[in-house]
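Structural characterization, general
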There are 2 protein chains.
Amino acid sequence: GSAFKNQHQTRSISVDALKPSDTFPRRHNSATPEEQTQMANYCGFESLNTLIDSTVPKSIRLDSMKFSKFDGGLTENQMIEHMSDLASKNKVFKSFIGMGYYNTHVPPVILRNIMENPAWYTQYTPYQAEISQGRLESLLNYQTVITDLTGLPMSNASLLDEGTAAAEAMAMCNNILKGKKKTFVIASNCHPQTIDICKTRADGFGLKVVTVDLKDVDYSSGDVCGVLVQYPGTEGEVLDYGEFVKNAHGHGVKVVMATDLLALTMLKPPGEFGADIVVGSAQRFGVPMGYGGPHAAFLATSQEYKRMMPGRIIGVSVDSSGKPALRMAMQTREQHIRRDKATSNICTAQALLANMSAMYAVYHGPEGLKSIAQRVHGLAGVLALGLKKLGTAEVQDLPFFDTVKVKCSDAHALVDAAAKKEINLRLVDSNTITVAFDETTTLDDVDKLFEVFASGKPVQFTAESLAPEVQNAIPSSLTRETPYLTHPIFNMYHTEHELLRYIHKLQSKDLSLCHSMIPLGSCTMKLNATTEMMPVTWPSFTNMHPFAPVVQAQGYQEMFANLGDLLCTITGFDSFSLQPNAGAAGEYAGLMVIRAYHMSRGHHHRNVCIIPVSAHGTNPASAAMCGLKIVAVGTDAKGNINIDELRKAAEANKDNLAAFMVTYPSTHGVYEEGIDEICNIIHEHGGQVYMDGANMNAQVGLTSPGFIGADVCHLNLHKTFCIPHGGGGPGMGPIGVKQHLAPFLPSHPVIRTGGIPEPEQTSPLGTISAAPWGSALILPISYTYIAMMGSEGLTDASKIAILNANYMAKRLENHYPVLFRGVNGTVAHEFIIDLRGFKNTAGIEPEDVAKRLIDYGFHGPTMSWPVPGTLMIEPTESESKAELDRFCDALISIREEISQIEKGNADPHNNVLKGAPHPPSLLMADAWQKPYSREYAAFPAPWLRSSKFWPTTGRVDNVYGDRNLVCTLQPANEEQAAAAVSA
Amino acid sequence: GSAFKNQHQTRSISVDALKPSDTFPRRHNSATPEEQTQMANYCGFESLNTLIDSTVPKSIRLDSMKFSKFDGGLTENQMIEHMSDLASKNKVFKSFIGMGYYNTHVPPVILRNIMENPAWYTQYTPYQAEISQGRLESLLNYQTVITDLTGLPMSNASLLDEGTAAAEAMAMCNNILKGKKKTFVIASNCHPQTIDICKTRADGFGLKVVTVDLKDVDYSSGDVCGVLVQYPGTEGEVLDYGEFVKNAHGHGVKVVMATDLLALTMLKPPGEFGADIVVGSAQRFGVPMGYGGPHAAFLATSQEYKRMMPGRIIGVSVDSSGKPALRMAMQTREQHIRRDKATSNICTAQALLANMSAMYAVYHGPEGLKSIAQRVHGLAGVLALGLKKLGTAEVQDLPFFDTVKVKCSDAHALVDAAAKKEINLRLVDSNTITVAFDETTTLDDVDKLFEVFASGKPVQFTAESLAPEVQNAIPSSLTRETPYLTHPIFNMYHTEHELLRYIHKLQSKDLSLCHSMIPLGSCTMKLNATTEMMPVTWPSFTNMHPFAPVVQAQGYQEMFANLGDLLCTITGFDSFSLQPNAGAAGEYAGLMVIRAYHMSRGHHHRNVCIIPVSAHGTNPASAAMCGLKIVAVGTDAKGNINIDELRKAAEANKDNLAAFMVTYPSTHGVYEEGIDEICNIIHEHGGQVYMDGANMNAQVGLTSPGFIGADVCHLNLHKTFCIPHGGGGPGMGPIGVKQHLAPFLPSHPVIRTGGIPEPEQTSPLGTISAAPWGSALILPISYTYIAMMGSEGLTDASKIAILNANYMAKRLENHYPVLFRGVNGTVAHEFIIDLRGFKNTAGIEPEDVAKRLIDYGFHGPTMSWPVPGTLMIEPTESESKAELDRFCDALISIREEISQIEKGNADPHNNVLKGAPHPPSLLMADAWQKPYSREYAAFPAPWLRSSKFWPTTGRVDNVYGDRNLVCTLQPANEEQAAAAVSA
Ligand SMILES: Cc1ncc(COP(=O)(O)O)c(C=O)c1O
Ligand SMILES: Cc1ncc(COP(=O)(O)O)c(C=O)c1O
Ligand SMILES: O=C([O-])O
């Protein structure tokens, strides 16, 4: 816009033109106003608004949205200033709280090149293995770190947090014993949040949790499926579990051990005690505390139970040339196949953080990790010795690793005195304190602690002076003997240059949003703007312990309050919980809210959940975890929920109806006109409506779950609200609820929390995540997105997302059938193209199209979900018309390639689709035996000539890998090791 | 190291093991102690120390080095804390000072993906065009921004700063008129630092600078070669130079205009007035002020003078397949060819910053830039109007763009009042203030300024309320009519996703230290560690105006003092100037110090500078700029300076001897044993010894320039001290001097400065750079490097750098002749392999080897310098043995490829070396007509199979490009434009 209206005549200035120029919405939303009209016209509409009016049902259309704050949207610079202001309100004290969260030095080379690098953080979950070999290798490294340190052979590639990992282990025990033994015992030496999460989770499985002191564990009931113990314990003690495990096994009880990776570099690994499942957090391996998350948890188990492991598992397989290649293993266990029979509802996990932790292990290597552990242990030893000398408090004489337990006359007074020195201690009870050490603790810190404990009395020694007297406090019987991280990968990248290049080598194999659009239906791979990402790595946000006193975290708290308020406006709800740290965790939490609500009214019998067959697999999986009975309802020919069937199901179950789960717009990419009626039917029959907010990107500003009639909804902040996918996490799945459900929102055993804004009454359902506000560190991303877009920018985003989908559908409709549409012939923010016909006409499957898209430089859309044999395309508002056109051109060109098979011009078994993707090693091999040309394989579109993203392997064989399950780095033979050294 | 000595026995702790574990030297220096011994043994020495003792001459060997601060080295975390502390001592006021430095919003996507991205900042100067097409395109964009906006057809790819760009233009005028007219006129409306730099620089050319008011410009002497004016002027006025230029040209006088890119989006371009040369700074195009730099300056000129342009110029050429490809044009003008006849001594420039500015223009596009300019102008207009209404000061009624000039009764009082509100104004004189606006100025700021100027009187209006009355203050005759940035590149990347992908697309074409070693002799491409780079983008460092009162910059000042002190210890000097912002600028400054010293003693006649033929071309070029007469001395067969010849030259010139320039260790990679004697000879004959510190990486901790006997030395902080090369800059070239030279170190006309530590007396030579402390923003890099390494870490670095070079020389000596060695058969930190023989035996030239190295994933070493027909290899201490081995393996394998030609098994004109590099487009073309196989061309070494960096073009034709000089983006025809849109 020109600042001077009619410059050659009046030459006067408009006030608007003097407003700051670094506005954000035009950087996030792609189509310019001219393009919007042009594209709407192409779709047969006069303007963008008429397209939207014809697409979103009138009955649910909002007039407008208005925020009480940030309505006009902050500019990028104003946003950074606001975030700096919030940051300055967080007072970062040195934390000795422990309890599963420790300070760590994030190696700067990892900080800058992974955590702050869009080429890593904008990656999608590695479903397309051929363009994901980099992060797949890194995740295999992660699994190897876990298996080596725990001493168990199988690990997954991360879970959400230690508490939910323990709950997953509990569910595994239940499954292993086929649900026949219904008690789960938890030793009281586990972290309180772990205990609470398991208790909450046990409910839905009909399990009884018994929490007892270790010495009182008793299996005589014969009803115990598993037992959970912690090693080292929450208050620091390191115990020998040898006899304990034998005893449990003797009673047919499975043993779960929660543990600590750093401690395991010095301690006998749980696998050597015979533990069946081991869980824990990899946070202290180079991931900042971030006021609770995100960071990667782990779960390892034996060969016997590997197929029952929850979450994603990376495995080794081979590609079409027979060369080793990695991919996600055992996808058949996932929820979209197994639905309510799935091993777990976990979907988005913590891939990015697992990668950081793996790289931390790669950088330090076994020796480096051990010397960190020894320092931590040594410093703890210095404290223990000093406190004994001081005599002002009583050090508990337990073997410990990093945590010293102290009895004293007034623990509160000591904790307060420490706080005056900007030190946080853990208050266990009014006579007990623990002091947990970590990588960042210094001799200086120990001297400060002496001062605190001396309470004014002069200290006659220094930490340094005591050191020579200090003894290793780990019993020899518990000293680790088994080597770990012996693979060359953990022994060759110890300088910054070496690690930098290893990170970049892996990165160069992976396609991300830095390369091209990743139009995954249901995943909303939109721009993750730099301004949104910047505060995430500011020390005032990264270095807060989640259990630090809330007064120290006023910046965070102000952001939570503002964010809760904004999300309420966006969703039409009354209160939000920021605790669930993924979408599926939100589903589970939301259903548990509904359950608690029914219970509170005495409706204990309400245990039926109606779920359309089109629902995402996590919906039934989550419902099953809540102990709900799933009743499926079908869809009609147009893809809409069959309302008659729904009404019948509601009537048939009216006495026991608990909930109905619905995604809106539907997973078919359509705004169902009947949504009002559907919500009414459920409410009339005593049920609550749970809305899956995965498709919120088609609602913001146009309609809202609350307005539509939902009672509760989760938001995938990693879809609509810009948290990057990180190659499979982190994510956040906060839930919003109507007033009547607000009292039941989850709380936390250590730091009280609940609905934001806070309801008048509270009666929390329990605890969902290990941290009170989930993965708080990434909330600035969604917060800044909303605050910079303002209400108008967000509404435009929804409109343009819909426009982009319709534009693509229009461009493609003459080439591929578009499966479902709304009443006016439009689609929502995503759409499905049907490839089923090609199976017969050309022997082509969706996978062939997805793999051929790789040759065109693109990541395939969502494959065969929600409808087998189709592709679901979601462009988002951030993709430019030029990019949409390129993607359409690629699909149209592929359609032509299919025609060639149909016409008999290409061999149905040996053609450019079946041969895809084509890596350089194949394309420039001396021998070329394909019936099509190299150049056509490599450069099927003109834009590829100026720059092309190359896959690094041929098509990866999933079946082979699942049959020959290998999920850790294999001991390199000498030749490989040499190659690795020179790689 | 293990924290527990003899763990199973005493189990007690060593204090050392309790020290922080995030130590830095082991991350920077590659070889572990075991590897050091192993490699020393391989070279025939018992240990690293015996190798070093045999290499560094005893007579110059230091016992040890000790710092008064940081001697033990800070850990990475301690360093970040120290830098945060310094940052907090900088008080960032809002700057309205102007004078060539303006606040700007660095677009976050550019900040994160270029300025903070090692894949961009660790690139080398694009000498190997085939693996540099990304930054070459970006620099071509930069040149196009400059030519479009200035209205002149030719631009270079950056100069150091606006002041030195003006001085380069002055030199061009002198050259254009063949040195026949010896007066250069500067209008007093130029920035004071520009005037001073030109005055200083004029000295050496024997030019007389006359500074006069514009209206008094007078060419009647007939002796004027050029005139410099500023547009807009330093105090803001925008004048019509039409008649002025005609008049100058009428007198045969060349016109140089200093200008402002943002203003040119609204103003008639200088080219349309007929200016011959246009200079300025691109800083306000998205590069932070950084307390003075770095940022890119520009110089544009007409077709007529293009071959006289200083600096690097990017041009379009073709590759071996005839496809368009970019490369640096007209390298034949450079100093290593032309030596004292070179157009200029500029070598390292500001490539990284030019790329940032180019991307800023790409992101905003012509419309976006114009609306920023219009805002800035509009807000300035609001201030002018408001001040008129206020009536407390007198607004000068000049046409202006962004700067309002105000007369008042007490300017000091106003400036002080503004400072109380954290606002910096420019004090011109005691009755004059100017207020310069920029992209970041807001209506709010204008209201604050009203308050300042109202001096307590109530302000009856707001900036917003005045806006509608404000008129455009630019005369219609000066309003720009010509379009600019019409190329598609400036019109398609306006969303963050689009720019992100454009940046990454370019990045993916360029090899950097993220991929492999770049062993450029004389360039010291060592690790640029993340911790060193982090403070560079902290707001408290980036947002300081260089002319802000020094009290506001106490963090910077403390760092300067510490750094000066550390550099004095390292070099054995007494005082440092941090002003020169590249090595060659340091050479010039150092020689000018020597000149000033001789003058101060009445030795005006001392004008001879002896320079060995082996010296870097910038040495004679710099000496020539100082008006020194160059006397060359040769080297002997062993590559050492011919001492007899030197003695004779010194004797012959003893009355006029000014200086001797020497690089140590020599550019031949040898510690000359005669260096003591050489220094003595010079001193005995009244000369001063100038040491070129480019090879300082072989001295630190082992010897020092001061100890050896040098009087002055520059340090390339972008070599030894870790400032990344940025693809051709930034750099820093501070100079250190002995006590007797300290008074002459440069000062600055705006902010007084001089030697650090400050000498007792000062008599500064003048001004070298536009900013008082050069490119202050990047000094944290060198500072943190030194502080984290400590004296021992730095000494180890020197030793390992020498070890690595000797290890490689040993591995290669049976395959290639190693050209020069010291007395004990060792080399210094770099070495030369001789390829001259292959010209006859196989028709192979160094270029063929360098290009074939690309196929092996490596950047070629320094080619044909200092000895034609050779390669000079400098591995640095940061490269691991594994990487050195891979590089040696590649060279050995190439030697074998040469043998095949020698043996007649390969065609001398058509072989894998002549065909190199092999881009994918060639390797996977359907037709393959080479006599060798595709796979052998592509994968000549095993490690390439697991990951390979691909060149994006075939060999680029330099001659074609120089004959058909095209140095801007070419107007895309429709087809190209369409391809570009879909690219
Ligand atoms: C419709 C729908 N519901 C739920 C989920 C699960 O969310 P999350 O992966 O965050 O657990 C997804 C994930 O893609 C989804 O698409
Ligand atoms: C020996 C020597 N002297 C001087 C220079 C010039 O330094 P700069 O490029 O920083 O101007 C170089 C640059 O490579 C060099 O190698
Ligand atoms: O990640 C999904 O399963 O969609």
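All figures in this text were calculated on a predicted structure; none of them were measured in a lab.

Our focus in this paragraph is the site of ligand 1. Residue and element names in this part refer to chain A. The full set close to ligand 1 counts 14 residues, and Thr 348, Ser 522, Asp 692, His 718 and Lys 719 are the nearest of them. In this structure, an oxygen atom belonging to ligand 1 sits 2.6 Å away from a side-chain N or O atom of Thr 348. Between ligand 1 and Asp 692, the relevant distance is 2.5 Å, taken from a nitrogen atom to a side-chain nitrogen or oxygen of the residue. Protein chains shield 97% of the accessible area of ligand 1, which is 380 Å² for the free molecule. The element best represented in the shell around ligand 1 is helix 22 (residues 583–600), accounting for 3 residues. Its residues assigned to classes, the shell around ligand 1 comprises 4 nonpolar, 7 polar and 3 charged.

On to the packing of aromatic side chains. All told, the structure shown has 54 aromatic pairs over all chains when counted by the stated rule. Arranged with centres 5.9 Å apart and planes meeting at 70°, the rings of Tyr664(A) and Tyr671(A) form a pair that is edge-to-face. What makes Tyr664(A) buried here is its relative accessible area of 0%. Where Phe96(B) meets Phe437(B), the ring centres are 5.7 Å apart and the plane angle is 65°; that geometry is what we call edge-to-face.

Residues and elements named next belong to chain A. For chain A, per-residue confidence averages 96 on the pLDDT scale, and 98% of positions sit at 70 or higher. A low-confidence stretch, residues 1–9 (pLDDT under 50), is modelled with 26 contacts involving residues beyond four sequence positions or located in other chains. Segment residues 977–983: pLDDT under 50, and 12 contacts once partners within four positions in sequence are set aside and those in other chains are kept. For this predicted complex, the interface confidence comes out at an ipTM of 0.97, alongside a pTM of 0.98.

What follows is about helix 22 of chain A. Spacing of three or four residues puts side chains on the same side of an α-helix, whose turn is 3.6 residues. All names here are of chain A. End to end, helix 22 covers 25 Å across 18 residues, agreeing with the expected 26 Å (1.5 Å per residue, within 8%). The element helix 22 is extensively covered by neighbouring structure, given that 16 of its 18 residues are classed as buried. One or two positions beyond helix 22, positive phi appears at Gly 602, with a value near 80°.

With that settled, consider the sheet that holds strand 16 (residues 426–429) of chain B. Residue and element names in this part refer to chain B. If you trace the 4 strands from one edge of the open sheet to the other, you get 13-14-17-16, paired in antiparallel fashion. Each having just a single partner strand, strand 13 (394–395) and strand 16 make up the two edges of the open sheet. Against the sheet, helix 14 (residues 351–390) touches strand 13, strand 14 (403–407) and strand 17 (432–436), its axis set at about 20° to strand 14.

Now for the pairing of strand 5 (residues 183–187) of chain A. Residues and elements named next belong to chain A. Within strand 5, 5 of the 5 residues are buried, which leaves the element mostly enclosed by the surrounding structure. Of the two faces of strand 5, the one carrying Thr 183, Val 185 and Ala 187 and the one carrying Phe 184 and Ile 186 are both buried. Since strand 5 and strand 6 (residues 208–212) lie parallel, the crossover through helix 9 (residues 192–205) that links them has a hand, and here it is right-handed. Where strand 5 meets strand 7 (residues 224–231), 4 bridges bridge the pair, whose relative direction is parallel. Residue pairing for strand 7: Val 185 is matched across the bridge by Val 227.

Attention now goes to the interface of chain B and chain A. Interface size is commonly expressed as the accessible surface area that is lost when the partners come together. Taken together, the contact pairs 108 residues of chain B with 108 residues of chain A. Between chain B and chain A the total buried area reaches about 8,900 Å² when both faces are included, carbon and sulfur atoms providing 53% of it. Linking chain B with chain A are 4 salt bridges. For Glu879(B), the salt bridge is made with Arg501(A), and the minimal N-O distance between the two is 2.7 Å. At the junction of chain B and chain A, the tally comes to 34 residue pairs in polar contact (both at pLDDT 80 or more). Its residues assigned to classes, the side of chain B that touches chain A comprises 44 nonpolar, 39 polar and 25 charged.

Let's shift gears to the sheet that holds strand 16 (residues 426–429) of chain A. Strand pairing in a sheet is mediated by backbone hydrogen bonds. Such pairs are either parallel or antiparallel. Residue and element names in this part refer to chain A. Taken together, the 4 strands give an open sheet; going across it, the order is 13-14-17-16, and neighbouring strands pair in antiparallel fashion. Each edge of the sheet is formed by a strand with only one pairing partner; in this case those strands are strand 13 (394–395) and strand 16. Note that strand 16 and strand 17 (residues 432–436) share 3 bridges and pair antiparallel. If you follow Leu 427 over to strand 17, its bridge partner there is Ile 433. Together, strand 13, strand 14 (403–407) and strand 17 form the strand contacts of helix 14 (residues 351–390), whose direction differs from that of strand 14 by roughly 20°.

Another point: the site of ligand 2. All names here are of chain B. Around ligand 2, 14 residues are found, and the nearest of them are Thr 348, Ser 522, Gly 583, Asp 692 and His 718. Note that an oxygen atom of ligand 2 is positioned 2.6 Å from one of the side-chain N or O atoms of Thr 348. Note that an oxygen atom of ligand 2 is positioned 2.7 Å from one of the side-chain N or O atoms of Lys 719. When isolated, ligand 2 has an accessible area of 390 Å², and the protein chains bury 97% of it. Ranked by residues supplied to the shell around ligand 2, first place goes to helix 22 (residues 583–600) with 3 residues. When its residues are assigned to classes, the shell around ligand 2 shows 4 nonpolar, 7 polar and 3 charged.

This brings us to unusual backbone geometry. Here Trp865(A) and Pro866(A) are connected by a cis peptide whose omega angle stands at 0°. Along the chain, Pro866(A) falls in the loop between strand 26 (862–863) and strand 27 (870–873). Along the chain, Tyr231(B) connects to Pro232(B) via a cis peptide bond; the corresponding omega equals -5°. Positive phi, normally seen in glycine, also occurs at Leu485(B), with a value near 50°. With respect to the element layout, Leu485(B) can be found in the loop between helix 17 (463–466) and helix 18 (496–507).

Here we come to the relation of the copies chain B and chain A. Mapping between the two copies of the chain is achieved by a rotation about an axis and a shift along the axis. Of the transformation placing chain B onto chain A, the axial shift is 0.0 Å and the rotation is 180°, giving an RMSD of 0.0 Å. Those values place the two copies in the arrangement expected of a two-fold rotation axis. If distances are taken from each C-alpha of chain B to the rotation axis, the shortest is found for Met924(B), at 2.5 Å.

Let us now look at the environment of Leu715(B). Residues and elements named next belong to chain B. Its location among the elements puts Leu 715 in the loop between strand 23 (712–714) and strand 24 (735–737). Residue Leu 715 is classed as buried on the basis of its relative accessible area, which comes to 0%. Setting aside chain neighbours within four positions, we find Leu 715 in contact with Leu 567, Thr 571, Phe 576, Met 696, Phe 721, Met 732, Gly 733 and Pro 734.

Residues and elements named next belong to chain B. Structurally, Thr 432 is set in strand 17. Side chain to side chain, Thr 432 and Lys 407 meet in a polar contact 2.8 Å long. For Thr 432, the contacting residues outside a window of four places in its chain are Lys 405, Val 406, Lys 407, Ala 411, Arg 426 and Leu 427.

Definitions and cut-offs
- Residues numbered from 1 in each chain as written.
- Chains lettered and ligands numbered in written order.
- Predicted model: local features only at pLDDT ≥ 70, side-chain atom pairs only at ≥ 80, totals over all residues.
- Heavy atoms only, no water.
- Near = heavy atom within 4 Å.
- Polar contact = N/O pair within 3.5 Å; in protein donor to acceptor, adjacent residues only side chain to side chain.
- Areas by Shrake-Rupley, 256 points an atom, 1.4 Å probe, with all protein chains shown as cover.
- Helix = DSSP H or I, 4+ residues; strand = E, 2+ residues; numbered from the N terminus.
- Nonpolar A, V, L, I, M, F, W, Y, C, P; charged D, E, K, R; others polar.
- Phe/Tyr/Trp six-rings, centres within 6.5 Å; stacked < 30°, edge-to-face > 60°.
- Buried < 20%, exposed > 50% of the residue type's maximum accessible area, 1.4 Å probe, protein only.
- pLDDT = per-residue confidence, 0-100.
- Contact = heavy atoms within 4.5 Å.
- Expected span 1.5 Å × (residues − 1).
- Pairing = 2+ DSSP bridges.
- Axes fitted to C-alpha atoms, helices over the stretch in contact; angles between N-to-C directions.
- Right-handed = clockwise from strand over helix to strand, strands pointing away.
- Buried area = accessible area lost by both parts, 1.4 Å probe.
- Salt bridge = Lys/Arg side-chain N within 4 Å of Asp/Glu carboxyl O.
- Least-squares fit on C-alpha atoms with pLDDT ≥ 70 in both.

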